[in-house]
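Now for the letters of each chain:
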Amino acid sequence: MQAFAKKDILDMASLTAGEIELILDTAGHMKEIGTRPVKKVPTLRGKTVVLFFHEPSTRTRTSFDIAAKRLSADCHAISAGTSSMVKGETLIDTARNLEAMNPDILVIRHASSGAPHLLASLCRFSVINAGDGTHAHPTQALLDLMTIRERKGKIAGLKLAIIGDIAHSRVARSNIEGFTKLGASVVIAGPPTMIPKGIESLGAAVTFRVEEAIGDADVIMMLRIQKERQQGFLFSTEREYAQAYGLTLEKLKHARPGVLIMHPGPINRGVEIAPEVADGPYSLILDQVENGVAIRMALLYLVAGGARHAASD
Ligand code: CP
């Protein structure tokens, strides 16, 4: 097996195309473990994983927990609200104290962009970014790439349209970086107030019209309006947003037959995506969630040194 030399998984920008392919290939093997009657292998026995989530999560946190346990790691979850950070302890002091307990891997989600990078530079343990502010959500992009590669057999040459609140979306940034790195083209669309200036520098084309973005897309990725991160009004009403930018069966008439539909979740039904589209035959939303466990198993295995050991055997 090809070696994997990264201590941390912080963003898609710092992964090479070869490293991304290795992660996707490894996740393909890991996925099979989840189909067995006994969904557990001893691969990470004796390793300790800490899940440290400062923001709410259903999919990412649960899938990391399941992934660690399927690999027989000891997994401990703490959240900001139940940690001593509520008593005023800083993030760095918290990380130093966790480090003193000798974990092998810390999985962190934090509202501040750059928090995982800071801990990775200070601490011995591996850090996996489970989403930092508006910056990056690399494990989401990797599971999205896996889901599309499974369906299409490739990423190179595909056209991806990402639609919605791009300005506040770490998922959009990580997917633009990941899909373009593997040879796809990406177009983003949304209200002008939700398209950040300079986003083209990541390699995406920009339009403000959904119909134009989806016209020749192979894959449409809808994004949630992140009200919790917005300051001020970026659109008039949810109803008007849904009419202009929500993906409905009517808008899908502008897309190619069989176009694949993605959403990282959680979804606002009837706002950015109509229920009949979210639950329709071309929706991959639950496939994305299923692949999240496999991708996170692969990342825990790889940063714990699995591929380094396999390569030297
Ligand atoms: N897609 C995603 O990150 O979902 P959660 O916020 O539920 O983890």
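Structure shown above.
Everything quoted here is computed from the prediction, not taken from an experiment.

The rules behind the values
- Residues numbered from 1 in each chain as written.
- Predicted model: local features only at pLDDT ≥ 70, side-chain atom pairs only at ≥ 80, totals over all residues.
- Heavy atoms only, no water.
- Helix = DSSP H or I, 4+ residues; strand = E, 2+ residues; numbered from the N terminus.
- Expected span 1.5 Å × (residues − 1).
- Buried < 20%, exposed > 50% of the residue type's maximum accessible area, 1.4 Å probe, protein only.
- Polar contact = N/O pair within 3.5 Å; in protein donor to acceptor, adjacent residues only side chain to side chain.
- Salt bridge = Lys/Arg side-chain N within 4 Å of Asp/Glu carboxyl O.
- Near = heavy atom within 4 Å.
- Areas by Shrake-Rupley, 256 points an atom, 1.4 Å probe, with all protein chains shown as cover.
- Pairing = 2+ DSSP bridges.
- Axes fitted to C-alpha atoms, helices over the stretch in contact; angles between N-to-C directions.
- Phe/Tyr/Trp six-rings, centres within 6.5 Å; stacked < 30°, edge-to-face > 60°.
- Core = buried A, V, L, I, M, F, W, Y, C linked by side-chain atoms within 4.5 Å.
- Contact = heavy atoms within 4.5 Å.
- Parallel < 35°, antiparallel > 145°, perpendicular 65-115°, else oblique.
- Left-handed = near helix turned anticlockwise from the far one by under 90°.
- Nonpolar A, V, L, I, M, F, W, Y, C, P; charged D, E, K, R; others polar.

Draft legend 1. Region of the structure containing helix α6 (residues 170–181). In this model α6 runs 17 Å from its N-terminal to its C-terminal C-alpha over 12 residues, within 8% of the 16 Å that 1.5 Å per residue would give. Across the 12 residues of α6, 10 count as buried, placing the element largely inside the fold. If you check which residues of α6 are buried, you get Arg170, Val171, Ala172, Arg173, Ser174, Asn175, Ile176, Glu177, Gly178 and Phe179. Regarding α6, its N-cap is Ser169, as a side-chain oxygen of that residue lies 3.3 Å from the backbone nitrogen of Val171 further along.

Draft legend 2. Just the pattern of salt bridges, in detail. Enumeration according to the criterion identifies 16 salt bridges in this entry. With a shortest N-O distance of 3.0 Å, Asp8 and Lys7 are connected by a salt bridge. A relative accessible area of 14% places Asp8 in the buried class. Put simply, Arg256 and Asp218 hold a salt bridge, and the shortest N to O gap is 2.7 Å. With Arg256 in the loop between α9 (249–252) and β9 (260–262) and Asp218 in the loop between α7 (210–214) and β8 (219–222), this residue pair connects regions lying 38 residues apart in the sequence. Judged by its relative accessible area of 13%, Asp218 is buried.

Draft legend 3. Highlighting the site of the ligand. In the region of the ligand, the neighbouring residues are Ser57, Thr58, Arg59, Thr60, Arg109, His137, Gln140, Pro264 and Gly265. With respect to the ligand, the backbone of Arg59 contributes an N or O atom lying 3.0 Å from an oxygen atom. Measuring from a nitrogen atom of the ligand, one finds a side-chain N or O atom of Gln140 at 3.0 Å. Considered on its own, the ligand offers 250 Å² of accessible surface; in the complex 91% of this is hidden by protein.

Draft legend 4. Seen up close, the sheet that holds β9. If you trace the 5 strands from one edge of the open sheet to the other, you get β7-β6-β5-β8-β9, paired in parallel fashion. Strands with a single pairing partner mark the edges of an open sheet, and in this sheet they are β7 (204–207) and β9. The average angle at which neighbouring strand axes cross in this sheet is 20 degrees, direction not considered. Two strands pair when backbone bridges link them, and strand β5 (residues 159–163) and β8 are joined in this way by 4 bridges, in the parallel orientation. Among the inter-strand pairings, Ile163 is bridged to a residue of β8, identified as Met222.

Draft legend 5. Inspection of the packing of aromatic side chains at higher detail. Applying the stated rule across the entire model yields 1 aromatic pair. On the basis of an interplanar angle of 40 degrees and a centroid distance of 5.4 Å, the ring pair of Tyr241 and Tyr245 is categorised as tilted. Of the two residues, Tyr241 and Tyr245 are both situated in helix α8 (residues 238–245); the distance of 4 residues between them amounts to about one turn of the helix. The same class applies to Tyr241 and to Tyr245, which are both buried.

Draft legend 6. Quick look at the nonpolar core. The biggest cluster of nonpolar side chains holds 65 residues, and the ones touching the most others in it are Val107, Ile162 and Leu300. If you tally residues by element for this core, the top one is helix α11 (residues 285–303), at 10 residues. Among residues more than four places away in sequence, those in contact with Leu300 are Leu44, Val49, Phe64, Ala67, Ala68, Leu71, Ile105, Val107 and Ile128. In this structure, Ile163, Ala213, Ile220 and Leu247 belong to the second largest nonpolar core, which totals 24 residues.

Draft legend 7. Structural detail: the packing of helix α1 (residues 17–33) against α11. Here α1 crosses α11 at 115 degrees, and the two axes come no closer than 8 Å. Between α1 and α11, the interaxial angle falls into the category roughly perpendicular. The way α1 lies across α11 gives a crossing that is right-handed. Of the residues in α11, those in contact with Leu22, Ile23, Leu24, Thr26, Ala27, Met30, Lys31 and Ile33 of α1 are Glu290, Asn291, Ala294, Ile295, Met297, Ala298, Leu299, Tyr301 and Leu302. Of the residues belonging to the contact of α1 with α11, the class tally is 13 nonpolar, 2 polar and 2 charged.

Draft legend 8. Layout of the environment of Gly34. Take Gly34: it is sitting in the loop between α1 and β1 (48–53). On the basis of relative accessibility, which here comes to 22%, the residue Gly34 falls in the partly exposed class. C-alpha of Gly34 to C-alpha of Ile66: the two residues are 32 residues apart in sequence and 9.8 Å apart in space. Those residues within four positions of Gly34 in sequence are excluded, and the remaining contacts are Lys39 and Arg70.

Draft legend 9. Looking closely at the sheet that holds strand β3 (residues 105–110). Pairing in this open sheet of 4 strands is parallel, and the strands run β2-β1-β3-β4 from one edge to the other. The open sheet has two edge strands with one neighbour each: β2 (74–79) and β4 (126–132). Strand after strand, the sheet turns through a mean of 15 degrees between neighbouring axes, direction not considered. The strands touched by helix α4 (residues 115–122) are β3 and β4; relative to β4, the strand with the most contacts, the crossing angle is about 170 degrees.

Just distances and angles here, no functional claims.
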